[in-house]
Amino acid sequence: MERPGWSLSDFQIGKFIGEGKFGKVYLAREKQSGYVVALKVIYKTKLQKYRFHAHLRREIEIQHGLDHPNVLRLFAWFHDDQRVVLVLEYAARGELYKLLRSVGHFSERTAATYVASLAGALAYCHKKQVIHRDIKPENLLLDIEGRLKIADFGWAVRSNAKRHTLCGTIDYLAPEMVEKKAHDYAVDNWTLGILCYEFLYGSPPFEAEEQQDTLMRIVKVDLLFPKTRVISADAKDLICKLLVKDSSKRISLDDILKHPWIVKNAEPSGSCIEQKSIA
Ligand code: AMP
């Protein structure tokens, strides 16, 4: 899927979409097919500065091997002297994070739809022996129909074995990662619990002013459900079954999809458009 013959001149470059740590993202159209894509243009000097080659190679290898409706497609990549260019599926509604911040919190229907989409996509990734390890709202995009897409596989690993590195964003870290113990697929299930809470309440459950306090709250599973918002008992039940310290006792991804809250609330099409979600 590396396209050695390709260059930026094969694309009509459209609007600038956004900028990440390693490069810029543009809307583009492949001239021959007319296909609309997002191009992530990464400068090799930046890769060198941050010693990010290995991460990028891993992101490319992993993401290219995945084909699921809730995983952002990486169609191809090419490079020239200065740049590496990823040809990505275009997620027209942008970051889920921005939508969540603009509406404050989601309805149970929207939250359940996104949790079900994530559980399906993660089950698919896990079957392919990929652990994402950095699932957070910033890494979740929405397509034109409001369907969730997991993006950014820079932190993902292929794994059969348990792993030891500490990575990911602090609020979403599983207790076994905070305690630097071996961890496996179940870290993504924990993160799903954090996200489910954040979708419903607008902020992650173990948030604190000091990072150290967040880490302590995670390890103690200091979980509180604020009275400021009325959330169904079924939703809380699912969160409690995901945020379990013993990773082997967390509800499985397949069982999440059978949980009464998901069955009752999730849109089977996976497509969900909250007000104000047009980027
Ligand atoms: P990143 O470099 O991945 O952090 O992306 C920089 C910005 O571009 C962020 O605002 C992303 O939401 C946006 N972006 C990245 N990839 C896509 C895509 N495939 N479709 C739409 N927006 C994207």
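Basis of the calculations
Residues numbered from 1 in each chain as written. Predicted model: local features only at pLDDT ≥ 70, side-chain atom pairs only at ≥ 80, totals over all residues. Heavy atoms only, no water. Helix = DSSP H or I, 4+ residues; strand = E, 2+ residues; numbered from the N terminus. Expected span 1.5 Å × (residues − 1). Buried < 20%, exposed > 50% of the residue type's maximum accessible area, 1.4 Å probe, protein only. Core = buried A, V, L, I, M, F, W, Y, C linked by side-chain atoms within 4.5 Å. Contact = heavy atoms within 4.5 Å. Arc of directions from axis to C-beta. 1 Å grid on protein atoms, 1.4 Å probe; cavity = no way out; pocket = protein on both sides within 12 Å on 5 of 7 lines; lining within 4 Å. Points joined across faces, edges and corners; volume = space filled by probe spheres on them. Nonpolar A, V, L, I, M, F, W, Y, C, P; charged D, E, K, R; others polar. Pairing = 2+ DSSP bridges. Axes fitted to C-alpha atoms, helices over the stretch in contact; angles between N-to-C directions. UniProt positions renumbered as here; feature names shortened; annotations may be inferred. Domains from an automatic or database assignment. Buried area = accessible area lost by both parts, 1.4 Å probe.

Caption draft 1: The arrangement of helix α4 (residues 108–127) in detail. If you check α4, its first and last C-alpha atoms are 28 Å apart, about what 20 residues at 1.5 Å a residue would give, namely 28 Å. The element α4 is largely enclosed, with a buried count of 18 among its 20 residues. Note on α4: the residue one or two positions beyond its end, Q129, has a positive phi of about 65°.

Caption draft 2: Broad picture of the nonpolar core. By size, the foremost hydrophobic cluster in this structure holds 57 residues, and its most contacted members are F199, I256 and W261. Examining the composition of this core, we find that twelve residues originate from one element, α4, more than from any other. Those residues in contact with F199, other than ones at most four positions away along the chain, are L96, L100, H105, F106, A111, Y114, V115, L118 and L140. Ranked by size, the runner-up nonpolar core spans 16 residues in total, among them F22, L47, V84 and L86.

Caption draft 3: Focus on helix α7 (residues 211–220). Listed in full, the buried residues belonging to α7 are T214, R217 and I218. Taken around the axis of α7, the buried residues stretch over an arc of 100°, which confines them to a single face. Opposite its buried face, α7 presents the exposed residues Q212 and K220, each directed more than 90 degrees away. Turning to α7, the residues buried within the fold contact α5 (175–178) and α6 (186–201).

Caption draft 4: How the structure looks around the layout of surface pockets. Taken as a whole, the second largest pocket holds about 210 Å³ of empty space. As for the second largest pocket, its lining consists of K44, L47, H53, L56, R57, I60, E61, W77, H79 and V84. Those elements giving two or more residues to the lining of the second largest pocket turn out to be α1 (44–49), α2 (53–64) and β4 (74–79). Examining the composition of the lining of the second largest pocket, we find that five residues originate from one element, α2, more than from any other. When grouped by side-chain class, the residues that make up the lining of the second largest pocket number five nonpolar, two polar and three charged.

Caption draft 5: Here's a closer look at the sheet that holds strand β9 (residues 148–150). Spatially, β6-β8-β9 is the arrangement adopted by the three strands of the open sheet, whose pairing is antiparallel. The two strands at the open ends of the sheet, each matched to only one other strand, are β6 (94–95) and β9. Where β6 and strand β8 (residues 140–142) come together, two bridges link them in antiparallel fashion. The residue of β8 that forms the bridge with G94 is L142. Strands in contact with α4 are β8 and β9; relative to β9, the strand with the most contacts, it is inclined by about 35°.

Caption draft 6: Examining the UniProt feature "active site" (unreviewed entry) in the chain more closely. Taken from the UniProt record, the annotation "active site" (unreviewed entry) applies to D134. Along the chain, D134 turns up in the loop between β7 (130–131) and β8. You can call D134 buried: its relative accessible area is 6%.

Caption draft 7: Here's a closer look at the domain arrangement of the chain. Taken domain by domain, the chain comprises domain 1 (11–88) and domain 2 (95–265). In this structure, domain 1 and domain 2 have C-alpha centres spaced 26 Å apart. Each side of the interface is counted separately: domain 1 has 14 residues, and domain 2 has 20 residues. Together, the buried faces of domain 1 and domain 2 total about 1,500 Å²; carbon and sulfur atoms form 60% of this surface.

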